[in-house]
Amino acid sequence: MRFLPLIVLSCCLSSIGIAAPEKFVPTKHDPFVGDWLPKNPGDHVAQVFATGDNAYQANILLAFDDESSAEPVAVLHGTRPDEMSPVSLNGGDWTGALRPDCCGSPQMEIVNSKTGEKIRLAQYMRPNPRLQVKPPKGANTRMVFTNRMRDGVRTLDSAILVSETIAGKNVRAHIEFRLLSDQSAAAVTLWKDKWIALPASYGRAGAAPACGALGDTPPTIRAERAILEWQALDIETRDDRATIFLNGVRIHDSVKIADSTTPAPLKIETRGAPIELRNAWISTE
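Residues numbered from 1 in each chain as written. Predicted model: local features only at pLDDT ≥ 70, side-chain atom pairs only at ≥ 80, totals over all residues. Heavy atoms only, no water.

J.: Please set out the pattern of salt bridges residue by residue, giving values where relevant.
T.: Applying the stated criterion to the full structure yields nine salt bridges. With its nearest N and O atoms 2.6 Å apart, the salt bridge here joins Asp 65 to Arg 126. Of this pair, Asp 65 sits in the loop between β4 (55-61) and β5 (74-79) while Arg 126 sits in the loop between β9 (118-123) and β10 (149-150); the two residues are 61 residues apart in sequence, bridging distant segments of the chain. By relative accessible area, which is 23% here, Asp 65 ends up partly exposed. Here Glu 176 and Arg 278 are joined by a salt bridge, their closest N and O atoms 2.8 Å apart. (Salt bridge = Lys/Arg side-chain N within 4 Å of Asp/Glu carboxyl O. Helix = DSSP H or I, 4+ residues; strand = E, 2+ residues; numbered from the N terminus. Buried < 20%, exposed > 50% of the residue type's maximum accessible area, 1.4 Å probe, protein only.)

And the structure:
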C-alpha cells in the first residue's frame, strides 16, 4: 500500500458542531483539577474541574470508567477566595472542602448531612495503559514525522490529512492528544460522513458532544481525562463496523458505520484553540 506525503489543510469544524472560540486562553496547571481517589477503598471517587473566576465543580461518582460515570451521585460547587484558602463545597445533602496541602498534595473531604457518610480523598493521576504504545509493523507514522514537531509533539491548530486514501476495510488507528484549554476541541474523521468528537468536556455531565462521541452518538462511558493530561484514542474497524477506545476504555462497541467501506483519509481537525499530538499512526489490512 502506498501512502502519499502528509498534507496540512485549513478546515472549519462548524459543520460538526464545534465552534471557534473568540479568543484562545491557555489553561495553567491547577492542583485541584483532575481525578480524586478515596483514602478508604470502596468509597466514592471524584472529578474536579475549574469553572472560571476561582470557582470549581466537584462531581462525586461511584467509580471511574464504567457506565455509572455518566451521571454523578452528587455535584458540588465552590469558590476559592485566594490561593492559600480552601474551597468550600456545597451541593444537595453534601458539603465539603478542597484544601491545599503544605507538601503540594491537595486534600478533599466531603460529608453527607443526611446519611452521615464522610469521605476523604486525595488527588490521583490514574495510569493510562494506551500512552506511548508502539505502532505495529508496517503502520503509517508520517503524521508524526514532520518539521513542525518539537520533542516528538506537534501543536495543531489546523487540519491534518494523513493519506490521500486508505486501502482496505480493516483499519487500526492510534492518536495521542492533549487538550490545552477548556476551549480546545478536535474531530477525527475516518469515514465519509462520521467523525469522533474530542472536545474538552471533562466532568461536564450532559455536555454535548462529550469527548469520544461518534457523530451524534455519545459514548457509553465517559472516559475523558482532565485538561492538560495526555489521552489516547484507538479506532478499530472491521468491514462496516467500528470499535472505539478512549484511554483504553471501550466507549463504542462494534458500531455499524455507513460508507465505511469507501476509502477515506484519516483527518484530525481543530478550530481556534490548538491541541497537541504525538505517537499517531494508522495500520490497514
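J.: If you had to explain the layout of surface pockets to someone new, which residues and values would you point to?
T.: To find leftover empty space, one rolls a probe the size of a water molecule over the atoms. Space inside the largest pocket adds up to approximately 980 Å³. For the largest pocket, the lining is made up of 38 residues, of which Thr 27, Lys 28, His 29, Asp 30 and Val 33 are closest to its centre. Here the element with the most residues in the lining of the largest pocket is strand β3 (residues 45-52); it accounts for four residues. (1 Å grid on protein atoms, 1.4 Å probe; cavity = no way out; pocket = protein on both sides within 12 Å on 5 of 7 lines; lining within 4 Å. Points joined across faces, edges and corners; volume = space filled by probe spheres on them.)

J.: Explain the environment of Asp 65 residue by residue, including any values.
T.: C-alpha of Asp 65 to C-alpha of Glu 224: the two residues are 159 residues apart in sequence and 8.7 Å apart in space. Leaving out residues up to four positions away in the same chain, Asp 65 has contacts with Arg 126, Ile 221, Arg 222, Ala 223, Arg 225 and Val 249. Side-chain polar atoms of Asp 65 contact the side chain of Arg 126, separated by 2.6 Å. (Contact = heavy atoms within 4.5 Å. Polar contact = N/O pair within 3.5 Å; in protein donor to acceptor, adjacent residues only side chain to side chain.)

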